[in-house]
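Structural description and commentary
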Amino acid sequence: MELTNHIILLGSSVVFVSVLASVITARVGAPLLLVFLVMGMLFGEDGPGGIVFDDTQLAHLLGNLALAVILFDGGLATCYKDFRVGLRPALGLATLGVLMTTAITGLFAVWWLELSWLEGLLLGAIVGSTDAAAVFSLLRSNGIELKQRVGATLEIESGSNDPMAIFLTVALIELLRTNPDHIGLMLLTEFIRQMGLGTLFGLGGGFGLVWLVNRLKMSAGLYPLAIMAGGMCLFGITATLNGSGFLAIYLAGIVIGNRPLEARLEIKRFHDGLARLAQIGMFLMLGLLVTPSALLPVADDALLFALVLILVARPLAVWLCLWPFRFPWREQVFIGWVGLRGAVPIILALFPLLAGLNQAPMIFNIVFFVVLVSLLIQGWTVIGLARKLELEVPPSTHLVQRVELDIPGQQELELVGYRLAANAPIIADAAALRTRLPPGARLVAVLRSGQWLDQCGPVQMRAEDHVYLLADPSELSELDRLFVAVPEAEAERLSEQAFFGEFVLQGSSRLADLCAFYGVKADPTDAALTLDALMRRALNTHPVVGDRLQLGALELVVRAVEDDRITQVGLKLPREM
Amino acid sequence: MLGPDLINVVRVGCGLELASKKRLIETLAGLLARDHPRLQAETVFEHLLERERLGSTGLGHGVALPHSRMKDVTTAIGAFVQTVQGVDYDASDGEAVDLAFALLVPEEANDEHLRLLAHLASLFNDPSRRVRLREATSADEILQILTAH
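Reading the values: rules and limits
Residues numbered from 1 in each chain as written. Chains lettered and ligands numbered in written order. Predicted model: local features only at pLDDT ≥ 70, side-chain atom pairs only at ≥ 80, totals over all residues. Heavy atoms only, no water. Helix = DSSP H or I, 4+ residues; strand = E, 2+ residues; numbered from the N terminus. Rg over C-alpha atoms; globule rule 2.2 N^0.38 Å. Buried < 20%, exposed > 50% of the residue type's maximum accessible area, 1.4 Å probe, protein only. Axes fitted to C-alpha atoms, helices over the stretch in contact; angles between N-to-C directions. Left-handed = near helix turned anticlockwise from the far one by under 90°. Contact = heavy atoms within 4.5 Å. Nonpolar A, V, L, I, M, F, W, Y, C, P; charged D, E, K, R; others polar. Arc of directions from axis to C-beta. Polar contact = N/O pair within 3.5 Å; in protein donor to acceptor, adjacent residues only side chain to side chain. Pairing = 2+ DSSP bridges. Domains from an automatic or database assignment. Buried area = accessible area lost by both parts, 1.4 Å probe. Salt bridge = Lys/Arg side-chain N within 4 Å of Asp/Glu carboxyl O. 1 Å grid on protein atoms, 1.4 Å probe; cavity = no way out; pocket = protein on both sides within 12 Å on 5 of 7 lines; lining within 4 Å. Points joined across faces, edges and corners; volume = space filled by probe spheres on them.

**Looking at the overall build of chain A**
- In terms of regular secondary structure, chain A is built from 23 helices and 11 strands.
- What you see for chain A is a C-alpha radius of gyration of 26 Å, in line with the 25 Å of a compact globule of 577 residues.
- In terms of principal-axis extent, the alpha carbons of chain A reach across some 75 × 70 × 50 Å.
- The 577 residues of chain A split such that 51% are buried.

Listed below in C-alpha cells is the structure:
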C-alpha cells in the first residue's frame, strides 16, 4: 500500500515538474522532447532525483506501447490529401532511405568502432528511423506552416520508416543469434511476411473497425476507447503472427482518420492527448533508464557517429531517394537536415539488451547519445532553417479558439473565438462588421471584462474583447482578416501580398496574354501554354502552394492547386527601386 | 511619386453610385479617355476588361488596380474612383471593391512601369491610407491623399 502510494506520488510529480519545466524551456526554443529526456536524466540515478530505474523488460513493454499509440495518432492525423505529393517520395525514403542510412552508418561503425559486420549494421539500423512528431510539434508551437510537399513527405516518412527500422533491427539481431545459412533468403521472406501482414491487418482492420464502430450506439466517451482498444488489438494480432504491428497500427490509423466516423472529434482529441502523454512518458522513462555517467566513455565515438549520420548518411540517402522526384534543392536540403532521431532508436536499442548481445550496452549508450545530439543540433535549428530556406507559407488561420460543432445532418459549423489585440482591423473599421462579415458567419457574443455586451445595439469593439462567432470552416481566413492583427514584422515577411504577389491569375490563362500585358519576353514556342502547364513543366513534380517560377522581371507563385492542376497563380511584380 | 501627368483631379471620381464591376471599369475608362487627345473610352474599357479575364485585378481590402498597356498613350496615366457602395470584383479575399485605380502604360512598357504598378499596389497596402480614402468627400481631398507620401 505504502509503495503504491509512493510510486503514484513519484510518477505524477516527475511528470508535473517536467511539464512545468517545458513551459519555461519552450521560450528559448528548446525541443520539447529534449526537455523531457533531460528531465528524466536529472530525476535518474546520476542526477539530483536519484531514482534508480533499470528494468529493461518493463521499459521495452512501455516503450512499444507508447510507440504504437504515437504511430496510431500519427496515422489518424494524416490526411489523404497529403498523399498526392508526399506518398511516393516518403515511401522511397522509408524503405530505400532507411537501408542506405543503415548501410552508411553501419559501415562507418564497423570501421571506426571495430564492430563485427552484423553488429555495425545493427547499430545503423537502430538509428535508421526519423521522428517527425518532434519536428512538427516544434513547428506548430511556433506557428509555422511548411510547404505541403515538404511537410507531407516528412510526416509520412516518419510514420512509415519506423516499421522498416524495427524490421531491420529485429532481423539483424536474429541473424546475430542464430547465424543461419541463407541470410539473404531469410531476410527476404521475413520482410515480406512482416510488411505483408502489417499491410493486410492494418488496412483490413482499419476498415473493419470503422464499420463496426459506426454501427454501435454508445455514449460519446466510449468511442475513442473502442477505437484505441481496436487499434491496439490489431497491433497485438499482427505482432503475434510475426507481422509488423507498427505498420498495421499506423495504416489502421490512416484509414480510420480518413473515413466518415462517429464521434470523430472526440476520437481525434482523445488520441492527440494520449499520444502526447505517451511521448512525454516515453522520453521521461528513457531518460530515467539511461545511466548518464556511462555515456561519457562513448561520447567521442558517439559524437562522430552522430555527425556521420547527420552530415553524410542522411543527406546522401535523401538526395538519392528524392532524385527521381526532382524536389527543389531547398526542399532537399531541409528534408536532409530534418532527419531528427527521437524515441524509436532508443527503444530499438533495448532490443539487443533484451536479446543479451555482448555489445548491447555500448550500442544502447551510443544510440542514446546520438539521439541527444540530434535533438540538440537538428531540433534547435529546424525553425531557423525553414525560414532561411523560405519553405514557410502564410498560415491559413490564426484562430485563437475553435470548436467544431457536430450538428447531425447539418453543414459543418465551427464556433470560433478571438481575443482582440489593440491593432485588430475590426477596431479601426467598425463598419466592417456589417459590410465585410462573410455570409455564413454570425456574431454570437462579445465578452468585455467578463460581461456579455448587449448585442442589439451596434457593437464598437475594443482591444481585449473576446469575440465569438459561428462560421463555416471555409470562411475562417476571411474572419482572420477582420479580427486578427498580424504583428508588423510578421506582416512584412509573410503577408499574402508579400508572399503570393499583388495579383491573382487563373491557372488557365495563356502565357501569350501575360506577355502581352506585362511586356515580358518568353520563348515563342511556349506562348500557347497555359500558366498551369508552364509551371508544371518547369517544376517537374506535383505542384504545391508556394512553388515559384521567375519569368523575366515577374515572379509566378502557385496559389491554389486542385487535383494536381494549378488553378490560381500569384503574380509578383518587381520590387520598387 | 504620383505626378500630375499620372493622376490629376479631372480623372478622380468621388462618391459615385456604381452597381457592378463592369460599370466601375466603364467609369474608369471614361475618366482615362476624358481629356486625352487620342484615347477612346470604348477601347480603354475593352483593354481593361481583357486584362480581367486573366484574373481579377482586385488587390484585396476593397481595392482594385485594373491596368493595361495601350499604344495610344505615350506616358503612364491613371484614374481613380471611390464608390459609395462596394461592387463585387472577384477579388481574392472576396471583399467588395469601393476604391479603384486604373493605370494605362505605353505599349513599349518596361520594368519601370511594372515598378509603378508595384508602387501603386503598395500604396493601397497601407490601412490608414485606405481609411482616409474612404472617408474623403471630394476629388481634391482624394488626390491629396493619393499623392501624399
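**A closer look at the packing of helix 8 (residues 183–214) of chain A against helix 10 (residues 245–257) of chain A**
All names here are of chain A.
- Helix 10 packs onto helix 8 with a crossing angle of 35° between their chain directions and a minimal axis gap of 7 Å. Here the hand of the crossing between helix 8 and helix 10 comes out right-handed. Residue-level contacts link Met195, Gly198, Thr199, Phe201, Gly202, Leu203, Gly206, Phe207, Leu209 and Val210 of helix 8 to Leu247, Ala248, Leu251, Ala252, Val255 and Ile256 of helix 10.
- Here the contact of helix 8 with helix 10 is built from residues that sort into 12 nonpolar, 4 polar and no charged.

**Structural notes on helix 4 (residues 127–135) of chain B**
Residue and element names in this part refer to chain B.
- Among the residues of helix 4, those classed as buried are Arg129, Arg130 and Leu133. Down the axis, helix 4 shows its buried residues gathered within 100° of arc, on one side only.
- Lining the buried residues of helix 4 we find strand 3 (63–64), strand 5 (77–87), strand 6 (97–106), helix 3 (111–123) and helix 5 (139–147).
- At the N-terminal boundary of helix 4, the capping side chain belongs to Asp126, with an oxygen 3.2 Å from the backbone nitrogen of Ser128.

**Focus on the pairing of strand 7 (residues 466–471) of chain A**
All names here are of chain A.
- Here strand 4 (residues 413–419) pairs with strand 7 via 6 bridges, running antiparallel. Along strand 7, the bridge assignment pairs Tyr418 with Val467.
- Of the pairings in the sheet, the one linking strand 5 (residues 442–448) to strand 7 comprises 5 bridges and is antiparallel in character. Paired with Leu443 across the two strands is Leu469, which belongs to strand 7.

**Some thoughts on the domain arrangement of chain A**
All names here are of chain A.
- Parsing chain A into structural domains produces domain 1 (2–48 + 74–143 + 165–177 + 247–388), domain 2 (401–491) and domain 3 (501–572).
- On a C-alpha basis, the centroid separation for the pair domain 1 and domain 3 is 40 Å.
- Contact with domain 1, which involves 6 residues of that partner, is made by 9 residues of domain 3.
- Here domain 1 meets domain 3 over a buried area of about 600 Å², counting both sides, of which 46% is carbon and sulfur.
- Contact with domain 3 buries surface across domain 1, with Arg84, Val85 and Arg326 losing the most and accounting together for 70% of the total.
- The tally of links between domain 1 and domain 3 comes to 0 salt bridges.
- One can count 0 residue pairs in polar contact (both at pLDDT 80 or more) joining domain 1 with domain 3.
- At 3 residues, helix 4 (residues 80–112) tops the list of elements feeding residues into the side of domain 1 that touches domain 3.
- Of the residues belonging to the side of domain 1 that touches domain 3, the class tally is 2 nonpolar, no polar and 4 charged.

**A closer look at the interface of chain A and chain B**
- Each side of the interface is counted separately: chain A has 25 residues, and chain B has 26 residues.
- For the pair chain A and chain B, the interface holds 0 salt bridges.
- At the boundary of chain A with chain B, the tally comes to 5 residue pairs in polar contact (both at pLDDT 80 or more).
- By residue class, the composition of the side of chain A that touches chain B is 13 nonpolar, 4 polar and 8 charged.

**With respect to empty space enclosed by the protein**
- Scanning all chains against the criterion turns up 4 cavities of 30 Å³ or more.
- Looking at the largest cavity, it is lined by 12 residues, and the ones nearest its centre are Phe517 and Tyr518 of chain A together with Val105, Leu114 and Leu117 of chain B.
- Those elements giving two or more residues to the lining of the largest cavity turn out to be helix 22 (511–518) of chain A together with strand 4 (67–70), strand 6 and helix 3 of chain B.
- Residue classes in the lining of the largest cavity are distributed as 7 nonpolar, 4 polar and 1 charged.
- Quantified by volume, the second largest cavity comes out at close to 50 Å³.
- Considering the residues around the second largest cavity, the lining is formed by Leu93, Gly97, Val98, Thr101, Gly128, Thr130, Glu157, Asn161, Arg314, Ala317, Val318 and Arg341 of chain A.
- In terms of residues, the lining of the second largest cavity owes the most to one element, helix 4 of chain A, which gives 4 residues.
- Taken together, the residues of the lining of the second largest cavity break down into 4 nonpolar, 5 polar and 3 charged.

**A word on the pattern of salt bridges**
- Counted by the stated rule, this structure contains 17 salt bridges over all chains.
- Where Asp532 of chain A meets Arg536 of chain A, a salt bridge forms, and the shortest distance between an N and an O atom there is 3.0 Å. Of this pair, Asp532 of chain A and Arg536 of chain A both sit in helix 23 (residues 531–539), 4 residues apart, roughly one helical turn.
- Among the residues examined, Asp532 of chain A registers a relative accessible area of 3% and is labelled buried.
- Its salt-bridge partner being Lys21 of chain B, residue Glu52 of chain B comes within 3.0 Å of it at the nearest N-O pair. In this pair, Glu52 of chain B is assigned in helix 2 (residues 41–52) and Lys21 of chain B in helix 1 (residues 21–34), connecting sequence segments 31 residues apart.
- Its relative accessible area of 9% is what places Glu52 of chain B among the buried residues.
- Via salt bridges that share partners, Lys147, Arg149, Glu331 and Asp547 of chain A belong to a single interconnected network.

**Considering the pairing of strand 9 (residues 548–551) of chain A**
All names here are of chain A.
- Of the two faces of strand 9, the one lined by Leu549 and Leu551 is fully buried and the one lined by Arg548 and Gln550 carries no buried residue.
- Bridging between strand 9 and strand 10 (residues 554–562) involves 4 bridges; their strand directions are antiparallel. Looking at strand 10, one finds that Arg548 is bridged to Val557.
- Hairpin connection between strand 9 and strand 10: a loop of 2 residues separates the two successive antiparallel strands, and Gly552 in this loop has a positive phi of roughly 60°.

**A closer look at the sheet that holds strand 9 of chain A**
Residues and elements named next belong to chain A.
- Pairing in this open sheet of 4 strands is antiparallel, and the strands run 8-11-10-9 from one edge to the other. Only two strands of the sheet have a single partner each, and these edge strands are strand 8 (503–506) and strand 9. This sheet shows a mean twist of 30° between the axes of neighbouring strands, independent of strand direction.
- Where strand 10 lies against strand 11 (residues 565–572), 7 bridges are found, and the strand directions are antiparallel. Bridge assignment links Ala560 to a residue of strand 11, and that residue is Gln568.

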